[in-house]
Amino acid sequence: MAPRYLYNWIEEDLNERMVFIGGPRQVGKTTLSLDVLADPRREQASTYLNWDLLADREKILTDRLPVDQPRIVLDEIHKFADWRRLVKGIYDKNRSSLSVIVTGSARLDHYRKGGDSLQGRYNYYRLHPFSIPEWDSACSEKSQQLLLKFGGFPEPLTKATERFHRRWQREMFARVLNEDLRELENVQESSRLELLLAHLPECVGSPLSVNQLRKLLQVAHSSVERWLTIFENLYLTFRISPYGTSRIRAVKKEQKLYFRDWSRVSDPGARFENMAACHLLKYCDFIEDTQGHHMELRYLRDTDAREVDFVVLRDGKPEFAVECKCGDRELSPACAYFRERSDIPEFYQVHLESETYGNPASGTQALPFHTFCHLKKLP
């Protein structure tokens, strides 16, 4: 398989700074890091150390790092409370001779427990699951259906069997809740978190009501908000906020929630919308991490319930909007309405069929999602 989409960018940055790679558990961070270490153009060996292994943990804490090796990977080290100070010491001591990669299955920009700031010493990349273009450069309809069914995580996608997929999902979520959550967060109500996580797939595709979740779990509003933030920090879910201009009576507070593994969502329409959200978030994070632009993924909804599923913003300005349709060939009237009342330059309506239809002169053309991915050069 070809190297992941961030490979060349990481290679380039390692010449000047450390590289941090964050992303969901089992998304391919370790494989990507080992690919960088195993570059055949490099004559000297490199080292991989995993904080979860006691022998490697002792080497890291006692500063017994291998000498005369140009690169080192420190995996899951964010589980150590003072990890930032430790990494800073390793880097400052060896920066002339050692390139450092730090990986973690949680937001490394969030878990900053103790230690000095590392600002200016690293570049941060967020590794996403496979998208249609990364999995298949031709962006075929067959690949679209495969990813929609099995999600974009490497192992279930390559196995592509329902039995393996179900078992992988159960094991992965159990490890996140029973290992990562307990190591990184002080949470007492683990059973309620499991209930919340089991219920959230039903919330995908509609504005999220924290008040309804509070009633379901019989806890305070602040508790639900904290638990949702924990899920985001562990790369299980993400939320997007509404976008509006002065000419649109847009809703202001209602967020929408999506899973990193869209195959967790059973409803066909919501699953497709979730897959599109993940592709667009990957695009936003890629541009932000590699080019430095401030990227945002939002949605558009007014007080009369007219809605367009996604708006991509670059440096505060809208770049394009995307509406998802599953089994509906009619062009969305909301796209036409918001086109007249906003400064969004491009509107796209995407679907799962193989045809392109609609009148381009009207400003909205319905495209197969895999065609849209190719057109916009999504990573």
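Heads up: the structure comes first, above all this text.
Summary of the structure given here. (Residues numbered from 1 in each chain as written. Predicted model: local features only at pLDDT ≥ 70, side-chain atom pairs only at ≥ 80, totals over all residues. Heavy atoms only, no water.)

A sheet is described by the order of its strands in space; here five strands give the open sequence β2-β3-β4-β1-β5, paired in parallel fashion. Strands with a single pairing partner mark the edges of an open sheet, and in this sheet they are β2 (47-50) and β5 (122-126). The average angle at which neighbouring strand axes cross in this sheet is 15°, direction not considered. Inspection of the sheet shows strand β3 (residues 71-75) paired to strand β4 (residues 99-104) by five bridges, in the parallel sense. Note that in β4 the partner of Arg71 across the bridge is Ser99. Along the sheet face, helix α2 (residues 29-37) touches β1 (18-22), β2, β3 and β4 and points at about 170° away from the line of β3. (Pairing = 2+ DSSP bridges. Helix = DSSP H or I, 4+ residues; strand = E, 2+ residues; numbered from the N terminus. Axes fitted to C-alpha atoms, helices over the stretch in contact; angles between N-to-C directions. Contact = heavy atoms within 4.5 Å.)

Moving on: the packing of aromatic side chains. Within the structure shown, the criterion is met by 16 aromatic pairs. Relative to Trp135, the ring of Phe130 has its centre 5.3 Å away and its plane inclined at 80°; by these criteria the two rings are edge-to-face. Judged by relative accessible area, which is 4%, Phe130 ranks as buried. An angle of 85° between the planes, with centres 6.2 Å apart, marks the rings of Phe320 and Tyr348 as edge-to-face. Placement of Phe320 in strand β10 (residues 317-324) and of Tyr348 in strand β11 (residues 347-351) is noted, with a sequence separation of 28 residues between them. Residue Phe320 shares its accessibility class with Tyr348, and that shared class is buried. One aromatic cluster is present, built from ring pairs that chain together Phe272, Tyr283, Phe320, Tyr348, Phe369 and Phe372. Lying over the aromatic face of Tyr337, Arg306 brings its terminal NZ or CZ to 3.7 Å of the ring centre. (Phe/Tyr/Trp six-rings, centres within 6.5 Å; stacked < 30°, edge-to-face > 60°. Buried < 20%, exposed > 50% of the residue type's maximum accessible area, 1.4 Å probe, protein only. Lys NZ or Arg CZ within 6 Å of the ring centre and 35° of its normal.)

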